[in-house]
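Here is how the chains run, residue by residue.
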Amino acid sequence: MKTELRVFSGSQFVGKPALVDGEFIPFLQKVNDFAAEQLLQVHVTSSARQQGVAVGNTIVPPATRSNHLTGHAIDMNVIHDGQLFNSSALKKSNHAKLPAQVRKFIQAIRDEKELRWGGDFGTQDPVHIDDGLNIRDALAWDMKFPIIQAALIALTRPEAEAGQARLLFLERPFISGPDVLAVQERLVALGFAMNPDGIFGAVTDRALTMFQEREGLIADGIVGSGTRKALKLT
Ligand SMILES: [Zn+2]
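The rules we used
- Residue indices begin from 1 for each chain and proceed along its sequence in written order.
- Under the rules for a predicted model, residues below a pLDDT of 70 receive no local features and side-chain atom pairs below 80 are neither given nor counted, while totals for whole chains, interfaces and linings still include all residues.
- pLDDT: the predictor's confidence for each residue, scored from 0 to 100.
- Runs of H or I in DSSP of at least four residues are treated as helices and runs of E of at least two as strands, each being numbered from the N terminus.
- Under the definition applied here, buried Ala, Val, Leu, Ile, Met, Phe, Trp, Tyr and Cys residues are grouped into a nonpolar core through C-beta atoms within 7 Å.
- Here exposure depends only on C-beta density: within 10 Å of a residue's C-beta, 20 or more other C-beta atoms make it buried, 12 or fewer make it exposed, and intermediate numbers make it partly exposed, the C-beta atoms being placed from the backbone.
- Residues are treated as contacting if the C-beta atoms built from their backbones sit within 7 Å of each other.
- Think of each axis as a best-fit line through the C-alpha atoms, taken over the contacting stretch in the case of a helix, with angles from 0 to 180 degrees between the N-to-C directions.
- These descriptions rest on fixed angle ranges, namely under 35 degrees for roughly parallel, over 145 for roughly antiparallel, 65 to 115 for roughly perpendicular, and the rest for oblique.
- For any pair of crossing helices, the crossing counts as left-handed if the nearer helix is rotated counterclockwise from the farther one by less than a right angle, and right-handed if it is rotated clockwise.
- Residue type decides the class: Asp, Glu, Lys and Arg count as charged, Ala, Val, Leu, Ile, Met, Phe, Trp, Tyr, Cys and Pro as nonpolar, and the leftover types, Gly among them, as polar.

**Student:** Please explain the confidence of the model for the protein chain as it appears in this structure.
**Tutor:** Residues shown with low pLDDT carry predicted positions that ought not to be read at fine detail. Confidence in the prediction of the protein chain, expressed as mean pLDDT, is 89, and 91% of residues score 70 or more. Considering each helix and strand of the protein chain separately, the mean pLDDT is smallest for strand S2 (residues 13–15), with a value of 86, and largest for helix H3 (residues 100–111), with 98.

See below:
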């Protein structure tokens, strides 16, 4: 098995790209299957997170060993019938009021022995799902942390290594640079309204997603090699 930062796209996954460790993908596939069974969509709001980057890209071990830091967690909202269920809607005390499909989806995650639902944590975090790597295998967490963190830094660095174009997508802090500007200028040339400022914000994300839909690409809002080619940027 290999530690490697990857993008997960499932049939039921929408929102921000889920950036995760390759070894977490089978777990997300299960989450995707549970959502498909209940005809729900999973709107990802956060996945792998960068932390503790000091001057010279030294990776400082964090005080809190979150599974987000090794790409083994996502935060999500649930969409059922066009309605969004966020943190307050998903909390345990509200479950009686939830549509059966949403309740069954959360229950399926709780029943899956390798998955944890944040609503069961001491401090409730009902939008959080992980595989408990930090508890189950602390050594693996330690080993993965610098690899995933280095990959996250490389992803969002203006001049990505080995001459390979970095991935561009809606991320906070916003990704910016001449490569973002080039994407925006192509989108404007293709008829999308925006002010090309070299910053990948919400307007760029929406235009890009619409462009991808129009082109029959996966509408994930990520500029990767396929989208770059469709934009004629290669
Ligand atoms: Zn979380």
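From this point, things continue past the structure.
**Student:** Hey, could you run me through the nonpolar core in this one?
**Tutor:** As a rule of thumb, nonpolar side chains are buried together in soluble globular proteins. Counting residues in hydrophobic clusters, the biggest one holds 35 residues, and the most contacted among them are Ala18, Val31, Val42 and Val78. Contributions of two or more residues to this core are made by strand S1 (5–8), strand S3 (18–21), helix H1 (25–37), strand S4 (41–46), strand S5 (73–80), H3 and helix H5 (138–156). Here the element with the most residues in this core is H1; it accounts for 5 residues. If we ignore the near neighbours within four places in the chain, the residues touching Val31 are Val42, Ile109 and Ile129. The next biggest cluster of nonpolar side chains, apart from the first, holds 15 residues, and it includes Leu187, Ala207, Leu208 and Ile222.

**Student:** So what exactly am I meant to see when it comes to the packing of H1 against H3 here?
**Tutor:** In a pair of packed helices, the angle between the axes and the distance between the axes together describe the arrangement. The interhelical angle for the contact between H1 and H3, taken along N-to-C directions, is 150°, at an axis separation of 9 Å. By the angle between their directions, the pair H1 and H3 is classed as roughly antiparallel. Helix-helix and strand crossings are classified by hand; for H1 and H3 the assignment is right-handed. Touching Val31, Phe34 and Ala35 of H1 are Phe105, Ala108 and Ile109, all from H3. Considered class by class, the residues forming the contact of H1 with H3 number 6 nonpolar, no polar and no charged.

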